[in-house]
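Summary of the model geometry
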Amino acid sequence: MEADFHRFYQIDLADLYRGTLGARKAAVLAMHLPPDSATMRAEGGNASLTGVEHQLRAINHRLDLVLYQNGGAKGSAPAEPKEPETHMQARQRQERLRRRAARHANIGGGERKTITP
């Protein structure tokens, strides 16, 4: 966020600690960072896409539909593009995968008993 404040507002975020930048103003500026800021890109989701990127996604979907229709409309129609994953969603997905891998690693990982006749 510090780099974004410098890039977009020419404000040093350390001014918060110096007392020359108020917390309320910093919060308002942070909430209104543009989609192409590093902070918004790191956060992910729809807010991280610029207007041009939204339009390109829409055009790409429209072209997929035209190709589908011109190809005889066989099978299922192309789905609308999914919303980009947010930072929190990515972390939750990674945590689920980690837990799942741990469960699979524990299957059969216990002590093996040998049966003697």
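Provided above is the structure to which this section pertains.
What comes next is a walk through the structure. Treat the numbers as computed from the prediction; the structure is a model and nothing was measured.

**Brief notes about the overall build of the protein chain**
- Helices and strands together make up the secondary structure of the protein chain, namely 6 helices and 0 strands.
- Relative to the globule expectation of 13 Å for 117 residues, the C-alpha radius of gyration of the protein chain, 24 Å, shows a markedly less compact shape.
- With the principal axes as the frame, the protein chain shows a C-alpha extent of 85 × 55 × 20 Å.
- For the protein chain, the proportion of its 117 residues judged to be buried stands at 17%.
- For the protein chain, the proportion of contacts with a sequence separation of at least 24, taken over those separated by at least 6, is 42%.
- When the accessible area of the protein chain is evaluated, it comes to approximately 9,500 Å², of which 55% is carbon and sulfur surface.
- When the 18 basic and 13 acidic side-chain charges of the protein chain are each reduced to a single mean position, those positions are 9 Å apart.

**Details of helix α3 (residues 23-31)**
- Buried within α3 are the following residues: A26, L29 and A30. For α3, the arc enclosing every buried residue in end-on projection is 100°, short of the 170-degree limit, so these residues lie on one face. Along α3, exposed side chains directed more than 90 degrees from the buried face belong to R24 and M31.
- In this structure, the buried side of α3 is in contact with α1 (2-9) and α2 (15-18).

**With respect to unusual backbone geometry**
- Positive phi, close to 55°, is recorded for Q10, a residue that is not glycine.
- Mapped onto the fold, Q10 is located in the loop between α1 and α2.
- For Q10, a relative accessible area of 61% translates into the label exposed.
- Of note, the phi angle at A73 is positive, near 55°, even though the residue is not glycine.
- Take A73: it is sitting in the loop between α5 (51-70) and α6 (87-106).
- In this structure A73 comes out as partly exposed when scored by relative accessible area, which is 39%.

Calculation rules
Residues numbered from 1 in each chain as written. Predicted model: local features only at pLDDT ≥ 70, side-chain atom pairs only at ≥ 80, totals over all residues. Heavy atoms only, no water. Helix = DSSP H or I, 4+ residues; strand = E, 2+ residues; numbered from the N terminus. Rg over C-alpha atoms; globule rule 2.2 N^0.38 Å. Buried < 20%, exposed > 50% of the residue type's maximum accessible area, 1.4 Å probe, protein only. Contact = heavy atoms within 4.5 Å. Areas by Shrake-Rupley, 256 points an atom, 1.4 Å probe, with all protein chains shown as cover. Lys, Arg positive; Asp, Glu negative; His and termini not counted. Charge placed at Lys NZ, Arg CZ, Asp CG, Glu CD. Arc of directions from axis to C-beta.

None of this, on its own, says anything about what the molecule does.
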